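# Residue-level structure breakdown
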Amino acid sequence: MTDGIAISSKRRLMLHDGVTFLILTLATVVLFVLTLLLFRSFTEHRAELATRWAGRGRVALTHGRPQDAVEALRTALTYSPGERSYELMLAEALEGSGHTEEATSYFLNLWEAQPGDGVINLELARLAKKKRDRNEAVRYFQAAVDGSWEGDGVEHRRDARLELANYLIEQKDFATAQTELLIAGSNAPPDAALEVMFGDALARAEDNANALIYYQKAIKLAPRNALAYEKAGRLAYRMGDYARARGWLERAVRESAGGLASGGGTAGEDDLTLLRNSERLLVLSPSVARTEQDRITRELDDRSIAQRRFAGCMAQVSKAAADLTAGAQGAPSGAAAGLLAMQGLNARWAAAKGLSTRQTLSADDANEDTLVALIDDTEKTTAAVCGAPSGDDALLLLLAENRQ
Amino acid sequence: METEPKVIETSEDEAAIAALAPAREERLLLLLSIFIGVISGLLVVSFRMAIAWLSVLLLGSSPGPRQPRLIIVPAVVGLAVALLTRYVFPQVRGSGVNQTKAALYISNGYISIRTMIGKFLLASLAIGGGHSLGPEDPSLQIGAGVASLISRKVGLSRERLRIFAPVGAAAGLAAAFNAPISAILFVIEEVIGQWSAGVLGSVVLSAVSAVVVARWFWGSEPMFRIPAMSLRDPRELLAYAVLGLVGGVASLVFAKSLGWLRPRLRNLPGWSQLLQPALAGLLVGGIGYFGLPQVMGAGYEAIDQAMHGQFVLHILLLLAVFKIVATTLSFSSGTPGGMFAPTLFIGAMLGAAVGSFEKHYFPHLTGSTGSYALVGMGVLFAAFLRVPLTSVFMVLEVSGNYSVILPVILANTIAYLISRALQPVPIFELFTHQDGLYLPSMEEQREERPELHFEDALGVERTEIRVPVLKGSQTVWEARQSVTEAAAKQEFEAVLIQCKDGGWYAASRPELEVIFASLGTDPNEAEAKQAIEERLGKDRTPVMFPDQTLSSALPYFRRWPLLPISNRAMRGALEGVLSQADVLRRYQR
């Protein structure tokens, strides 16, 4: 083989390789462009399918057909895997269709990927609540409160904390619920409706004092808010603060302009009754008297009411006992106990005959105390023996219970 | 099996080109590997799109139980595939792995363009039409086909053509799996069976190029969305060991089913083979129609759902069992499509089942269902396909989580050992035997008795050297005296001379006789006082060590009568000396 042949062969090879690579490059580019065009169409088609099925799932969920929603959303997720909004909807649909375990498992898997996600933790908390797993529920509620949220995080966190507090109230864990509510309330923006809501929640958590503070805040923020006045009035009434109850209830009636803001005629009548009761209680209650004379006057008035109630009840009990004896039957143990209690009261009334004048009462504070205790016991005993009282007796019973 | 077209080279010009070929091909190899990777990647992306599109088109966008098309479509598709396989694309049956191996070992890496196109069309039709098969193995063959086509068009030598088949196979598999390391390891473990620097570079380049292309389209996320996982309680390894056990047994059942049904269906009359894919489609569709549509097609969505704990225990077990049934039917009927995806499916379901069981009965253990499903995939991969190394790396690659390594290694090893013990012939080898081929078994090659080494020939008295050893600095006169004295004591054919540079020179008796013949009787003459090594050749006997293979010595005996075996720790110290006779004796033992 000569050098000439070798050189020409080399040149031919180089040319051949050059052309080959040029063709290869062109073929690759053409194939790439084709694949790209097909891929775009492919992804658009899949996105369209995902949207269509997710829409069907959403509609099914809204119309209360969670099982259909599950199927539709599963399909949507095959076309758009990992799409968070679809996953959350699917988990909700699973929960709604009664697949609590599957929903929990689904949310747990989402949680494993995003353990700090507020929505997922809240849903898990709700599922744990449904499964009556208190520790898990509280743990996830706490994680939801501390978690990350899309949009208005402050509002979502507050709502999650409120849900936690409500759950704790259901669980009778009032102390922890109060703490959560106070934290939520202190972080809330000034808004009358919110203050009323916190007041309600605190009242349910048996923190009446703080509840009243929140109602007052609401009144301060919206001085014509009939609802706030009504809530504050009712709570004050329950707490035995009849003076403030009367004031707020009066204001509630006035602000509601022809009907109480709580809506519904019955509620309005309730409030009017409470208002009237408050006014009457302020007349009957010795503790709100401004002077000693006034107090003794009230005590004497209350004495008369209680004595009448005692006499009526005693007659009723005696008649019942006589009827039972006449029927040659032994008196039932309840009736016997009632009779015994009434006889005890009778003895005390007999002993308290001297406590019927202004002079006797003003002579010694102990006499006043004895009389008030007798009135209270009379109302309580007669309520137990002869049934719930009405009118002033009912109000005296309320005062007795408040004093207790 | 495909027949390679004959190449006729006659002219002087072509002889000149052939002379230039090695250097030219060396230069082209890496560049072509990139092109093969890119083109394979693009084709595999299109292949996956075709499957997804056909699936929506044929089975609807939301296939579910009680949809009649679930039964009709796979049957009709089966019939169409059978007709096309019989009359248009006769080489596309099966998964693609064995066909690629056959091309490599029998027809010098030749895969026709018709086979490549047929594989693309028929496999996408079958998988999209609901047959229980996967796209990975066909992707491997498509990649190998691309490599074969390009290397032929470039005009590479026969030797290079063979190299390119695995290069393309790695690219195709890497693009299908979105996992380059697993693809490279699979090709090395199952297709070529050895690490060779020349091939490895090209395989890596093509696989990486293919994955870059695939990720450009599909994104860099792993193939499956893997939930967070960690191994906090070592006791959990027991559960993973149970998974290994379950996986080993399941792979055995799967392999036995295929091994039993496939040859029986293939031995049926020719006309019935036209109906087999349709019948398989009907039965697979029936499984879908009556409640388990997840077993149809590749089943990636179901794997994802299992990994995210969306199936309860009994459904997981049903899915695993019916996937074995469906894949056995689809594959044995000769429908083109792969077994990787079904293997992963079965593994994921079994893994998730073990995970669900563990979560229910041992809630204090922390492993998520997803982590068990993931390990389960690796377990079946190791046990059924018998690629233990690939299976470990596959799990690591698709999870991107190293903390799963311990469970994976443990479970895979148990499953692999069970499978090896109970099913000695690996599944791919079984298929080649059923097809009347005898391709090399990579597993057997790995397990073969290791080659003999020098130390095996040296024996226990390796330090005893039975030939005279001279210093290179000795004079020729002294050397002659030493050799004469030694010859009086024993027979020897050569002398070892330690040169000043630390090397050894094995001089034969005739070579020395020539040097000594020039000496006179006066020890003081110049020639007699010359150092012996100055009279020897400039070359030195090669430095050999006891751990080197015995076969590597053979070429040296043409030049050297003896080979000194050196100590690796002490330069110049000898472990022993070997002659050609010693080596042959050791081989004959």
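What counts and how
Residues numbered from 1 in each chain as written. Chains lettered and ligands numbered in written order. Predicted model: local features only at pLDDT ≥ 70, side-chain atom pairs only at ≥ 80, totals over all residues. Heavy atoms only, no water. Helix = DSSP H or I, 4+ residues; strand = E, 2+ residues; numbered from the N terminus. Buried < 20%, exposed > 50% of the residue type's maximum accessible area, 1.4 Å probe, protein only. Contact = heavy atoms within 4.5 Å. Areas by Shrake-Rupley, 256 points an atom, 1.4 Å probe, with all protein chains shown as cover. Core = buried A, V, L, I, M, F, W, Y, C linked by side-chain atoms within 4.5 Å. Pairing = 2+ DSSP bridges. Axes fitted to C-alpha atoms, helices over the stretch in contact; angles between N-to-C directions. Polar contact = N/O pair within 3.5 Å; in protein donor to acceptor, adjacent residues only side chain to side chain. Patch = residues over 30% accessible without salt bridge, like charges linked within 9 Å, V, L, I, M, F, W, Y side chains within 5 Å. Salt bridge = Lys/Arg side-chain N within 4 Å of Asp/Glu carboxyl O. Lys, Arg positive; Asp, Glu negative; His and termini not counted. Charge placed at Lys NZ, Arg CZ, Asp CG, Glu CD. Buried area = accessible area lost by both parts, 1.4 Å probe. pLDDT = per-residue confidence, 0-100. Parallel < 35°, antiparallel > 145°, perpendicular 65-115°, else oblique. Left-handed = near helix turned anticlockwise from the far one by under 90°. Nonpolar A, V, L, I, M, F, W, Y, C, P; charged D, E, K, R; others polar. Expected span 1.5 Å × (residues − 1). Phe/Tyr/Trp six-rings, centres within 6.5 Å; stacked < 30°, edge-to-face > 60°.

### Side note on the overall build of chain B
Of the regular secondary structure elements, chain B holds 24 helices and 5 strands. When burial is assessed residue by residue, chain B has 58% of its 589 residues classed as buried. Sequence-distant contacts in chain B: of pairs separated by 6 or more residues, those separated by 24 or more amount to 78%. Roughly 24,200 Å² of accessible area belongs to chain B as shown, and the carbon and sulfur atoms make up 61% of that amount.

### Examining the overall build of chain A
The helix and strand tally for chain A stands at 18 helices and 0 strands. Among the 404 residues that make up chain A, the fraction classed as buried is 43%. Contacts in chain A between residues far apart in sequence, at least 24 positions, make up 56% of those at least 6 positions apart. Carbon and sulfur atoms form 55% of the exposed surface of chain A, whose accessible area is close to 20,400 Å².

### Section: the nonpolar core
Residues Leu32, Phe177, Ile303, Phe340, Met349 and Phe384 of chain B are the most contacted members of the largest nonpolar core, which totals 128 residues. The contacts of Met349 of chain B, once residues within four sequence positions are left out, are Ala302, Ile303, Ala306, Phe311, Leu316, Leu319 and Ala320 of chain B. Within the second largest apolar cluster, 100 residues are counted, among which are Ala72, Ala125, Ala352 and Ile375 of chain A.

### Things to note about the sheet that holds strand β1 (residues 469-471) of chain B
Residue and element names in this part refer to chain B. If you walk across this open sheet you meet the 3 strands as β1-β2-β3, and the pairing is mixed. Of all the strands in the sheet, the pair left with one neighbour each is β1 and β3 (504-508). Mean inter-strand twist for the sheet, computed between neighbouring axes without regard to direction, equals 30°. Here strand β2 (residues 494-498) runs beside β3; their pairing, made up of 5 bridges, is antiparallel. Paired with Leu496 across the bridge in β3 is Ala506. In the packing of helix α21 (residues 509-517) onto the sheet, the strands contacted are β2 and β3, and the crossing angle to β3 comes to about 85°.

### Some thoughts on the side chain of Ser33 of chain B
Inspection of the secondary structure puts Ser33 of chain B in helix α1 (residues 12-59). Polar contacts involving the side chain of Ser33 of chain B include one to the side chain of Ser202 of chain B, which spans 3.3 Å.

### Quick look at a negative patch on the surface
A surface patch of like charges, here negative, comprises Glu292, Asp364, Asp365 and Asp369 of chain A. Among the secondary structure elements, Asp365 of chain A is positioned in helix α17 (residues 365-386).

### Concerning the pairing of β3 of chain B
Residue and element names in this part refer to chain B. Burial analysis of β3 places 5 of its 5 residues in the buried class, the great majority of the element. Taking every second residue as pointing to the same face, both faces of β3 are buried, with Trp504, Ala506 and Ser508 on one and Tyr505 and Ala507 on the other. Here β2 hands over to β3 after 5 residues, with Gly502 in that stretch at a positive phi of 90°.

### With respect to the interface of chain B and chain A
Contacts between chain B and chain A engage 41 residues on the former and 40 residues on the latter. Roughly 3,700 Å² of surface becomes buried between chain B and chain A when both sides are summed, with 69% attributable to carbon and sulfur atoms. Contact with chain A buries surface across chain B, with Trp53, Phe217 and Gln310 of chain B losing the most and accounting together for 16% of the total. Where chain B meets chain A, there are 0 salt bridges.

### Here's the deal with the confidence of the model for chain A
With 93% of its residues at a pLDDT of 70 or more, chain A has an overall mean of 84. Taken element by element, chain A is modelled with least confidence in helix α13 (residues 265-284) of chain A, mean pLDDT 71, and with most confidence in helix α6 (residues 134-146) of chain A, mean pLDDT 92.

### A look at the packing of helix α13 (residues 340-361) of chain B against helix α14 (residues 369-384) of chain B
Residues and elements named next belong to chain B. Taken N-terminus to C-terminus, the directions of α13 and α14 make an angle of 135°; their axes are 6 Å apart at the nearest point. Judged by the inter-axis angle, α13 sits oblique to α14. Crossing angle aside, the handedness with which α13 passes α14 is right-handed. Partitioning the contact of α13 with α14 into residue classes produces 13 nonpolar, 7 polar and 2 charged.

### A word on helix α15 (residues 388-399) of chain B
One full turn of an α-helix is made of 3.6 residues, so residues set three or four places apart face in the same direction. Residue and element names in this part refer to chain B. A rise of 1.5 Å per residue sets the reference length of α15, with its 12 residues, at 16 Å; its end C-alpha atoms lie 17 Å apart and thus fit the reference within 8%. Considered for burial, the residues of α15 that qualify are Thr390, Ser391, Val392, Met394, Val395, Leu396, Val398 and Ser399. Each element contacted by the buried residues of α15 is listed here: α6 (158-177), α7 (180-192), α13, α14 and α16 (405-422). Two residues or fewer after α15 comes Gly400, characterised by a positive phi angle close to 60°.

### A word on unusual backbone geometry
Backbone geometry at Glu206 of chain A places phi at a positive 65°, although glycine is not the residue there. By secondary structure assignment, the location of Glu206 of chain A is in the loop between α9 (192-204) and α10 (208-221). Of note in the backbone geometry, Asn178 of chain B takes a positive phi value of approximately 55° without being a glycine. Looking at where Asn178 of chain B falls in the secondary structure, it is placed in the loop between α6 and α7.

### Examining the side chain of Gln141 of chain B
For Gln141 of chain B, the position within the fold is in helix α5 (residues 136-154). The residues touching Gln141 of chain B, leaving out its near neighbours within four places in the chain, are Gln91, Gly96, Gln99, Thr100, Ile111, Thr115 and Lys119 of chain B.

### Notes on the pairing of strand β4 (residues 562-566) of chain B
Residues and elements named next belong to chain B. Extensive coverage of β4 is indicated by the burial of 5 of its 5 residues. Burial along β4 is two-sided: the residues Leu562, Pro564 and Ser566 and Leu563 and Ile565 are all buried. Looking at chain direction, β4 and strand β5 (residues 574-579) are connected through 5 bridges and run antiparallel. What sits directly across from Ser566, in β5, is Leu574.

### Focus on the pattern of salt bridges
Residues and elements named next belong to chain A. Counted by the stated rule, this structure contains 27 salt bridges over all chains. Glu123 is the partner of Arg126 in a salt bridge, and the nearest nitrogen-oxygen pair spans 3.3 Å. Of this pair, Arg126 and Glu123 both sit in helix α5 (residues 118-130), separated by 3 residues, roughly a single helical turn. Given a relative accessible area of 30%, Arg126 falls into the partly exposed group. Take Glu123: its relative accessible area is 8%, and that puts it in the buried class. Taking the shortest distance from any N to any O, the salt bridge between Asp241 and Arg244 comes out at 2.6 Å. Overlapping salt bridges, with partners in common, bring together Arg84, Asp117 and Glu150 in one network.

### Considering α6 of chain A
All names here are of chain A. Between its terminal C-alpha atoms α6 stretches 18 Å, which fits the 18 Å expected from 13 residues at 1.5 Å a residue. Turning to α6, its buried residues are Ala137, Val138, Tyr140, Phe141, Ala144 and Val145. Where α6 is buried, its residues touch α4 (100-113), α5 and α7 (153-170).

### A short note on the packing of aromatic side chains
As enumerated under the stated definition, the model contains 25 aromatic pairs over all chains in all. Residues Phe177 of chain B and Phe340 of chain B carry aromatic rings whose centres are separated by 5.9 Å and whose planes lie at 25° to one another, so their mutual orientation is stacked. Highlighted residues: Phe177 of chain B in helix α6 and Phe340 of chain B in helix α13, separated in sequence by 163 residues. Residue classification places Phe177 of chain B among the buried positions, given a relative accessible area of 2%. Here Phe340 of chain B falls in the buried class, since its relative accessible area comes to 0%. Measuring from ring centre to ring centre gives 4.3 Å for Tyr240 of chain B and Tyr372 of chain B, while their planes differ by 10°; the resulting arrangement is stacked. Of this pair, Tyr240 of chain B sits in helix α9 (residues 236-266) while Tyr372 of chain B is found in helix α14, placing the two residues 132 residues apart along the sequence. You'll find Tyr240 of chain B and Tyr372 of chain B in the same group, each marked buried. A network of ring pairs unites the aromatic residues Phe32, Phe39 and Phe42 of chain A together with Trp53, Trp216, Phe217 and Trp218 of chain B as a single cluster.

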